[in-house]
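# A structural walkthrough
Here's the letter readout for the chains.
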Amino acid sequence: MSTLAPLRLLREPWNASEGNQSNATVGASGGWCQGLDIPNELFLALGLVSLVENLLVVAAILKNRNLHSPTYYFICCLAVSDMLVSISNLAEMLFMLLLEHGVLVMRPSIVRHMDSVIDMLICSSVVSSLSFLGVIAVDRYITIFYALRYHSIMTLQRAVVTMASIWLASTVSSTVLITYYRSNTILLCLIGFFLFMLVLMLVLYIHMFALARHHLHSISSQQKPPTAHRGGSLKGAITLTILLGVFFICWGPFFFHLILIVTCPTNPFCTCFFSYFNLFLILIICNSVIDPLIYAFRSQELWRTLREVVTCSW
């Protein structure tokens, strides 16, 4: 069975004639242009792992009242967004398996409607995940640079408004994207949104790292030898590299795919790149697996609550 993953509406360029697209494919039919055959079992396995991980994060935050703060609410929303990625992937896989084996019989119009609903779900999760990654970066920035005023700046009411606005915007934007997915303007807006989030996270995290490095330098200048400075700087650099590296590696190829759809739909190189669409989707699902490890599981309080949830110590 061919992999029919979410977002397949963006798998092939539509702003190229069928003949030109076929000629480009023939002209670029090198060995690496055959795409990558990713087994459905890998999609299912990663989807299940992501679903369990993020479900545990949500359960732990809801269970522990000490985690009922804007910071953890944002992490909880990120986990829900990542869960939607997993649920939509699992739902579509199961849906297509039932159709192919004749267990589920539906009219083509209903199948197309179900496909649109699932695509809308995954698009909404993509936009909301990117949004909450940016919000978490802003929240950390406020925590570091405005520590004394944090609770007056990031009130619970503002956090709720922020979360509700993101979910509403994600739902509306996903509806527009699925409805007008053939429009280059819509794709350019999505690409611009990704670039904005990338630059936002890059600027905020580098500024936070620079402050931490300056603080460590001030401390280590009064100590001999200044090993704490070098060790702290190395740890901060590693954390920064992991945060931005994971974000760029997991999301970058998919959005580069969108850029190529807009700029060079008939170019042989671009045609080859399009054939690896399933790999880009795997990376997005991998991001939903890695996010809890970066943003949630590093908290000792959350780890303790997770152990209680797993052992059913309610």
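Definitions and limits used
- Residues numbered from 1 in each chain as written.
- Predicted model: local features only at pLDDT ≥ 70, side-chain atom pairs only at ≥ 80, totals over all residues.
- Heavy atoms only, no water.
- Disulfide = S-S within 2.5 Å.
- Helix = DSSP H or I, 4+ residues; strand = E, 2+ residues; numbered from the N terminus.
- Polar contact = N/O pair within 3.5 Å; in protein donor to acceptor, adjacent residues only side chain to side chain.
- Contact = heavy atoms within 4.5 Å.
- Expected span 1.5 Å × (residues − 1).
- Bend = angle between axes of the 7 residues up to and from the residue.
- Buried < 20%, exposed > 50% of the residue type's maximum accessible area, 1.4 Å probe, protein only.
- Salt bridge = Lys/Arg side-chain N within 4 Å of Asp/Glu carboxyl O.
- Axes fitted to C-alpha atoms, helices over the stretch in contact; angles between N-to-C directions.
- Parallel < 35°, antiparallel > 145°, perpendicular 65-115°, else oblique.
- Left-handed = near helix turned anticlockwise from the far one by under 90°.
- Nonpolar A, V, L, I, M, F, W, Y, C, P; charged D, E, K, R; others polar.
- Phe/Tyr/Trp six-rings, centres within 6.5 Å; stacked < 30°, edge-to-face > 60°.

Take the state of the cysteines next. Applying the stated criterion across every chain, the model contains one disulfide. The disulfide that involves Cys-264 links it to Cys-270, with 1.8 Å between the sulfurs. Disulfide Cys-264-Cys-270: the torsion about the S-S bond is -80°, which places it as left-handed. Lacking any disulfide linkage, Cys-76 is separated from the closest cysteine sulfur, that of Cys-77, by 5.8 Å. Among the cysteines around Cys-250, which has no disulfide bond, Cys-286 carries the closest sulfur, lying 6.3 Å off.

This next bit is on the side chain of Ser-170. Of note, Ser-170 is situated in helix α6 (residues 156–179). Among the polar contacts made by the side chain of Ser-170, one reaches the main-chain amide nitrogen of Ser-128 at a distance of 3.4 Å. With near-sequence residues (within four places) excluded, Ser-170 lies in contact with Ser-124, Val-127 and Ser-128.

Our focus in this paragraph is helix α10 (residues 277–296). In this model α10 runs 29 Å from its N-terminal to its C-terminal C-alpha over 20 residues, within 8% of the 28 Å that 1.5 Å per residue would give. The largest bend along α10 measures about 35° and falls at Ile-290, with the proline Pro-292 one to four residues further on. Counting buried residues along α10, 16 of its 20 residues qualify, which places the element largely inside the surrounding structure.

Tallied over the entire structure, the rule returns three salt bridges. The shortest N-O distance in the salt bridge between Lys-63 and Glu-308 comes to 2.7 Å. On the criterion of sequence distance, the pair formed by Lys-63 in helix α2 (residues 40–63) and Glu-308 in helix α11 (residues 300–310) is long-range, its members being 245 residues apart. A salt bridge links Arg-304 to Glu-308; its shortest N-O distance comes to 2.9 Å. A residue pair is termed a helical-turn pair when its members lie 3 or 4 positions apart in one helix, as Arg-304 and Glu-308 do in helix α11 at four residues. Given the relative accessible area of 34%, Arg-304 is considered partly exposed. Through salt bridges with shared partners, a single network forms among Lys-63, Glu-301, Arg-304 and Glu-308.

It is the contact of helix α3 (residues 70–100) with α10, at a shortest axis distance of 9 Å, that shows an interaxial angle of 155°. Classified by the angle between their axes, α3 and α10 sit roughly antiparallel to one another. When the axes of α3 and α10 are compared, the crossing they make is left-handed. Residue-level inspection shows Ile-75, Leu-78, Asp-82, Val-85, Ser-86 and Asn-89 of α3 in contact with α10, the latter providing Ile-284, Ile-285, Ser-288, Asp-291, Tyr-295 and Ala-296. Considered class by class, the residues forming the contact of α3 with α10 number seven nonpolar, three polar and two charged.

Take the packing of aromatic side chains next. The final tally for this structure, using the stated rule, is ten aromatic pairs. Through a chain of ring-to-ring contacts, the aromatic side chains of Phe-194, Phe-247, Trp-251, Phe-254, Phe-255 and Phe-277 assemble into a single cluster.

Before going further, it helps to spend a moment on the environment of Cys-250. Locating Cys-250 in the fold gives a position in helix α8 (residues 227–263). Each C-alpha atom, one on Cys-250 and one on Ile-282, is 8.5 Å from the other, the two residues being 32 residues apart in sequence. Beyond its immediate chain neighbours, meaning those up to four positions away, Cys-250 contacts Phe-280, Leu-283, Ile-284, Asn-287 and Ile-290.

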